[in-house]
Amino acid sequence: MDRMAPDFELPDQHGTPVRLSSLRGRRVLLIFYPLAFSGVCRSELGQVRDELIPQLPADVEVLSVSVDSMFTHRAWAEQEGYEFPLLSDFWPHGQVAEAYGVFDETKGLAKRGTFLIDGEGVIRWSVVNPISAPRDVADYLKALS
């Protein structure tokens, strides 16, 4: 069932605010992940960097979100060469993940949720994996085609 994507504004790894509604007219692939510097997250975002982004249509923006601080994201982006936005859902803690239904209150972090939002702000596709289960970048490309 398609529904409007909850709007939000979060700082990226450089402290620049990113507002979802400011990207209307473009498709957004919104990728929630549990924690920076963790093995599965490093592998997933490495695939986004190396395999997904080079194949994306020009009208698609990738935004990744975790509960880590902006400073953690900056250090991780510099170490790993991530040039796409790493958004900090740090405070209020996990508020955006909660709005999308992917916040694990017991662990205090986001599950592996991915949402494809169309240019009108409607969620057209989503997948949510358990924290321990990586996602397949090929699924993102199928959803975008």
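Just so it is clear, the structure is predicted and the values come from calculations on it, not from any experiment.

Criteria and thresholds
Residues numbered from 1 in each chain as written. Predicted model: local features only at pLDDT ≥ 70, side-chain atom pairs only at ≥ 80, totals over all residues. Heavy atoms only, no water. Helix = DSSP H or I, 4+ residues; strand = E, 2+ residues; numbered from the N terminus. Rg over C-alpha atoms; globule rule 2.2 N^0.38 Å. Core = buried A, V, L, I, M, F, W, Y, C linked by side-chain atoms within 4.5 Å. Buried < 20%, exposed > 50% of the residue type's maximum accessible area, 1.4 Å probe, protein only. Contact = heavy atoms within 4.5 Å. Axes fitted to C-alpha atoms, helices over the stretch in contact; angles between N-to-C directions. Parallel < 35°, antiparallel > 145°, perpendicular 65-115°, else oblique. Left-handed = near helix turned anticlockwise from the far one by under 90°. Nonpolar A, V, L, I, M, F, W, Y, C, P; charged D, E, K, R; others polar. Pairing = 2+ DSSP bridges.

A. Quick peek at the overall build of the protein. Helix and strand content of the protein: four helices and 10 strands. For the protein, the succession of helices and strands along the chain, N to C, is β-β-β-β-α-β-α-β-α-β-β-β-β-α. A compact globule built from 145 residues should have a C-alpha radius of gyration of about 15 Å, and the protein, at 14 Å, falls within 12% of that. For the protein, the spread of C-alpha atoms along the principal axes amounts to about 30 × 30 × 30 Å.

B. Just the nonpolar core, in detail. Judged by nonpolar contacts, the single largest core of 23 residues is most densely connected at F8, L30, F32, L63, Y100 and I117. At the level of secondary structure, the elements contributing two or more residues to this core comprise β4 (27–32), β5 (60–66), α3 (95–99), β8 (109–110) and β9 (112–117). Apart from residues no more than four positions distant in its own chain, L30 is found in contact with F8, L63, V65, Y100, G113, T114, F115 and I117. Listed in part, the 20 residues of the second largest apolar core include V48, L56, A77 and Y82.

C. Molecular detail of the packing of helix α1 (residues 39–52) against helix α4 (residues 137–144). Here α1 crosses α4 at 50°, and the two axes come no closer than 10 Å. As the angle between them shows, α1 and α4 are arranged oblique. The interaxial crossing formed by α1 with α4 has right-handed handedness. Contacts between α1 and α4 involve Q47, V48 and L52 on the former and, on the latter, V137, Y140 and L141. A breakdown of the residues in the contact of α1 with α4 according to their chemical character gives five nonpolar, one polar and no charged.

D. Examining the pairing of strand β10 (residues 122–129) more closely. In this sheet, β10 lies alongside strand β1 (residues 3–4) in antiparallel orientation, the contact comprising two bridges. Note that in β10 the partner of R3 across the bridge is I123. Across six bridges, β9 lies against β10 in antiparallel orientation. Opposite R112, over in β10, you have N129 as the bridge partner. In this structure, the hairpin formed by β9 and β10 is closed by a connection of four residues, where G121 is found at a positive phi of approximately 90°.

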